[in-house]
Amino acid sequence: MALLDDVETELRAAIASAVTDTLTVPSADQFDDDPLLRRSDFADLQANFALALARRVGVPPRDLAAAVVDRLAASTTMRDLEVSGPGFVNLSLTDSALVTEVTALLGGPSPFTLTADGARDVVVIDYSAPNVAKQMHVGHLRSTIIGDVLCRVLDHLGHTVIRRNHIGDWGTPFGMLIAQLVDEGIDGDADLDIAALTDLYQRARAHFDGDADFAETARGWVVKLQAGDPTARSLWQALVRQSARYFNEVYDLLDVLLTDDDIRGESAYDDDLDDVVEELQRLGLLVEHEGALCMFLDGFTNRDGEPLPLIVRKSDGGYGYAATDLAAIRRRVREEGATRILYVVGLPQHLHLSMVFAAATAAGWLAEGQRAEHVAFGSVLGDDGKILRTRAGAPVRLIELLSSAVERADHEVAIRHEDWDDAQRAEIARAVGIGAVKFADLANDRRNDYRFDLDRMVATVGATGPYLQYARARISSILNRANDHGIDLTAAVPDGVGFETESERALALELSHIRHALLDVADNLEPHHLCRGLLDVAAAFSAFYEHSPVVKADSGIRELRIALCRATERVLTSGLELLGIRSPDEI
Ligand code: ARG
């Protein structure tokens, strides 16, 4: 168990004892779910329980807090306990507890898996989800990056993670695309890159809008495609295959976990749609409204306060986005065993997803112990503070955006390492440039918009990915140097050795918080907690290293300082890996 968990347990026992000994309350379990500890400006931590609990049991909060402090006088993990303000308890951690914690971070497969606690979920994560024959845009970039971290973190914490790439590979546009391919005599073996695909899309769209006969033919192809006509199928497959090749190029560049096996496009649910309608029909949940089959769900109204329908089947008998999402939930719960489904999708789709979740709940597909959550995110803005676009006003092409980050990083790396050859520089530039983009995206609260500012992102100073990469590389080289001096890096910290400087202690304290930062990511689906925690650790390391020589230190404190270096390196390496960011030895 990690130190902060031990502290919590000890505090809870003291509170339970204070409550049951001095007051007539049968159980102190009632406050079990409240967050107990937070960081404090006046001590290491502040415990905040007395206000709520005292009200419930009818004693002054300060008296209750004092009773708890009394009971912790002999604690070996906490010292300097003190009642403060209306009934907070300020406390500090003992040096010996912090040293033990630092040492614990060095053991086990990862510094983040100190305990095996809590229930395990089967989590389906729906993310990335670009559309066939279209460029990916920055919204897909955010979804891909954030979804990737959630996959890594939840997997690391022992949950079963099922990655799902819900690509847009079905529906009316495909009739139009197939008709255009046939019209131009392009067959399924043609080599179409993403530029050719998007051009095709535009020609098809113009043709469709301007030529009624063509539009009719296109609609005919949709019907044929749905009926499994071989020509329609093979042309459609070609479009999907060629697009997937482009998606994979982006995923490769981004170092994300997604593979072709994770693709379950909208088409994957086509066979389920009639049955979804039938089941909803049987449950009496469908209402005919202007020819369409709809669900009306409690709490969803339009601007005029009229009930807002969720259209399950359109008036022409076709199915749309909502029907597919309903079929997907049903399959994820029933067949894939999901207990938690995460949708990493931009904020504008919040209403849609909320209605789909409410519909699935009404149908009993999401029951007790199964939850669906919208992991919403804001927009990426350009220099002008508006949604990022090219100068011509077109959406920015992701490959170009990422290439420009790598280019900028290459420039920076070239300044730092004039002696490197091209291949070496290119490899590090890629790690730095992509790491910079990912970290900049992840370090903000995901709901906020952020400005795509390459200069700031690739800098090795400030709250950036390259800063963390640099800090980690520096610590490795410090450790290597110590090793070269014949120092045993694995020597245990001798008993009784404590901190000599405040900055050593401050680093240990930051390290003791890092696992909780990871739990915050998992609980709130907010990667920025881990980013901030790593930045705090790296900053505390800098201050520590400025004041505390390692190689030249006397035995005793030297082992402690080496342990601090190693724990920091381990935390930064694992942390970056969980963020999907590479850790080169030099940047
Ligand atoms: N393809 C959609 C888009 O580009 C995103 C799909 C999100 N996932 C879902 N299950 N609806 O906007």
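Structural data are supplied above this passage.
Since we're looking at a predicted model, the values are computed, not measured.

Visitor: Quick rundown of the sheet that holds strand 4 (residues 88-93)? Include the residues and the values.
Guide: Read from one edge of the open sheet, four strands run 1-2-4-3, paired in antiparallel fashion. Edge positions in the open sheet fall to strand 1 (37-39) and strand 3 (78-84), since each of these has one partner strand only. The sheet shows a mean angle of 30° between the axes of neighbouring strands, taken without regard to direction.

Visitor: Any details on the environment of Lys-224? Residues and values, ideally.
Guide: You can see Lys-224 is positioned in helix 8 (residues 212-227). Considered as a pair, Lys-224 and Leu-93 are 131 residues apart in the sequence and their alpha carbons are 70 Å apart. Apart from the residues within four sequence positions on either side, Lys-224 is in contact with Asp-229 and Ala-232.

Visitor: Describe the sheet that holds strand 7 (residues 287-289), naming the residues involved and giving the relevant values.
Guide: Here we have three strands laid out as an open sheet, ordered 7-8-9, and antiparallel in their pairing. Each of the sheet's edge strands pairs with one partner strand only, and the pair in question is strand 7 and strand 9 (307-313). Here the strands of the sheet are splayed against their neighbours by 55° on average, with no regard to which way each runs. Two elements, strand 7 and strand 8 (residues 292-301), share three bridges in a ladder whose sense is antiparallel. By the bridge assignment, His-289 is partnered in strand 8 with Ala-292. Against the sheet, helix 12 (residues 350-362) touches strand 8 and strand 9, its axis set at about 100° to strand 8.

Visitor: Describe the site of the ligand, and please don't skip the residues or the numbers.
Guide: Inspection of the region around the ligand gives Asp-126, Ala-129, Asn-131, His-140, His-166, Tyr-321, Asp-325, Tyr-343, Val-345 and Gln-349 as its neighbouring residues. A distance of 2.9 Å separates a nitrogen atom of the ligand from a polar atom in the backbone of Ala-129. Gln-349 is positioned such that a nitrogen or oxygen atom in its side chain is 3.1 Å from an oxygen atom of the ligand. Relative to its free-state accessible area of 350 Å², the ligand is covered by the protein chains to the extent of 88%.

Visitor: Kindly report on the side chain of Asp-126, identifying the contributing residues and their values.
Guide: You can see Asp-126 is positioned in strand 5 (residues 122-126). We classify Asp-126 as buried; its relative accessible area is 3%. Ignoring anything within four residues of it in the chain, the contact list for Asp-126 reads Arg-164, His-166, Arg-332, Leu-342, Tyr-343 and Val-344.

Visitor: Can you explain the pattern of salt bridges? Please cite residues and give values.
Guide: Inspection of every chain in the model, using the stated rule, returns 35 salt bridges. Close ionic contact of Glu-500 with Arg-561 constitutes a salt bridge, the shortest N to O distance being 3.4 Å. Residue Glu-500 is found in the loop between helix 16 (465-484) and helix 17 (502-524), and its partner Arg-561 is found in helix 19 (residues 557-578); the two are separated by 61 residues along the sequence. Given a relative accessible area of 56%, Glu-500 falls into the exposed group. Linking Glu-504 and Arg-561 is a salt bridge whose minimum nitrogen-to-oxygen distance equals 2.7 Å. Remark: Arg-561 occurs in helix 19 and Glu-504 occurs in helix 17; sequence separation between them is 57 residues.

Visitor: So what's going on with helix 19? Residues and values would help.
Guide: Relative to the 32 Å expected for 22 residues at 1.5 Å per residue, helix 19 spans 31 Å between its end C-alpha atoms, a close match to the ideal helical length. Of all 22 residues in helix 19, 16 are buried, a share of seventy percent or more. Positive phi shows up at Gly-580, right after helix 19, with a value of about 70°.

Visitor: Which residues make up the pairing of strand 6 (residues 160-164), and what values do they have?
Guide: Relative to strand 6, strand 5 is paired through five bridges, and the arrangement is parallel. If you follow Ile-125 over to strand 6, its bridge partner there is Arg-163. For the crossover from strand 5 across helix 5 (residues 138-156) to strand 6, the handedness is right-handed.

Visitor: Report on the packing of helix 8 against helix 9 (residues 230-254), specifying residues and quantitative values.
Guide: Helix 9 packs onto helix 8 with a crossing angle of 95° between their chain directions and a minimal axis gap of 8 Å. Overall, the two elements helix 8 and helix 9 adopt an arrangement that is roughly perpendicular. Together, Trp-221, Lys-224 and Leu-225 of helix 8 and Thr-231, Ala-232, Arg-233 and Trp-236 of helix 9 make up the contact between the two elements. Across the contact of helix 8 with helix 9, the residue classes tally to four nonpolar, one polar and two charged.

Visitor: Tell me what's going on with the environment of Ser-379, and back it up with residues and numbers.
Guide: On the secondary structure map, Ser-379 appears in the loop between strand 11 (371-377) and strand 12 (380-381). Note: C-alpha distance between Ser-379 and Tyr-450 (71 residues apart in sequence) is 6.7 Å. Beyond its immediate stretch of four places on either side in the chain, Ser-379 contacts Arg-142, Ile-387, Asn-448, Asp-449 and Tyr-450.

Visitor: Quick one: what's the story with a negative patch on the surface, residue by residue and with numbers?
Guide: On the surface, Asp-193, Asp-199, Glu-249 and Asp-252 cluster together into a negatively charged patch. Along the chain, the position of Glu-249 falls in helix 9. Residue class for Glu-249 comes out partly exposed when judged on its relative accessible area of 47%.

Visitor: Now, about helix 6 (residues 173-184): what can you tell me, with residues and values included?
Guide: End to end, helix 6 covers 17 Å across 12 residues, agreeing with the expected 16 Å (1.5 Å per residue, within 8%). Every buried residue of helix 6 is accounted for by Phe-174, Gly-175, Met-176, Leu-177, Ile-178, Ala-179, Gln-180 and Leu-181. In the core, the buried residues of helix 6 are packed alongside helix 7 (194-210), helix 8 and helix 9.

Visitor: Requested: an account of the packing of helix 6 against helix 8, with residues and values cited.
Guide: The interhelical angle for the contact between helix 6 and helix 8, taken along N-to-C directions, is 110°, at an axis separation of 7 Å. Taken together, the axes of helix 6 and helix 8 are roughly perpendicular relative to one another. Our pair here, helix 6 against helix 8, has a crossing hand that is right-handed. Contact with helix 6, carried on its side by Phe-174, Gly-175, Met-176, Ile-178, Ala-179, Gln-180 and Val-182, involves Phe-214, Ala-218, Trp-221, Val-222 and Leu-225 of helix 8 and no other residues of that element. Tallied by class, the residues present in the contact of helix 6 with helix 8 amount to 10 nonpolar, two polar and no charged.

Definitions and limits used
Residues numbered from 1 in each chain as written. Predicted model: local features only at pLDDT ≥ 70, side-chain atom pairs only at ≥ 80, totals over all residues. Heavy atoms only, no water. Pairing = 2+ DSSP bridges. Helix = DSSP H or I, 4+ residues; strand = E, 2+ residues; numbered from the N terminus. Axes fitted to C-alpha atoms, helices over the stretch in contact; angles between N-to-C directions. Contact = heavy atoms within 4.5 Å. Near = heavy atom within 4 Å. Polar contact = N/O pair within 3.5 Å; in protein donor to acceptor, adjacent residues only side chain to side chain. Areas by Shrake-Rupley, 256 points an atom, 1.4 Å probe, with all protein chains shown as cover. Buried < 20%, exposed > 50% of the residue type's maximum accessible area, 1.4 Å probe, protein only. Salt bridge = Lys/Arg side-chain N within 4 Å of Asp/Glu carboxyl O. Expected span 1.5 Å × (residues − 1). Right-handed = clockwise from strand over helix to strand, strands pointing away. Parallel < 35°, antiparallel > 145°, perpendicular 65-115°, else oblique. Nonpolar A, V, L, I, M, F, W, Y, C, P; charged D, E, K, R; others polar. Patch = residues over 30% accessible without salt bridge, like charges linked within 9 Å, V, L, I, M, F, W, Y side chains within 5 Å. Lys, Arg positive; Asp, Glu negative; His and termini not counted. Charge placed at Lys NZ, Arg CZ, Asp CG, Glu CD. Left-handed = near helix turned anticlockwise from the far one by under 90°.

So, to be careful, I would describe these as geometric facts and stop short of saying anything about function.
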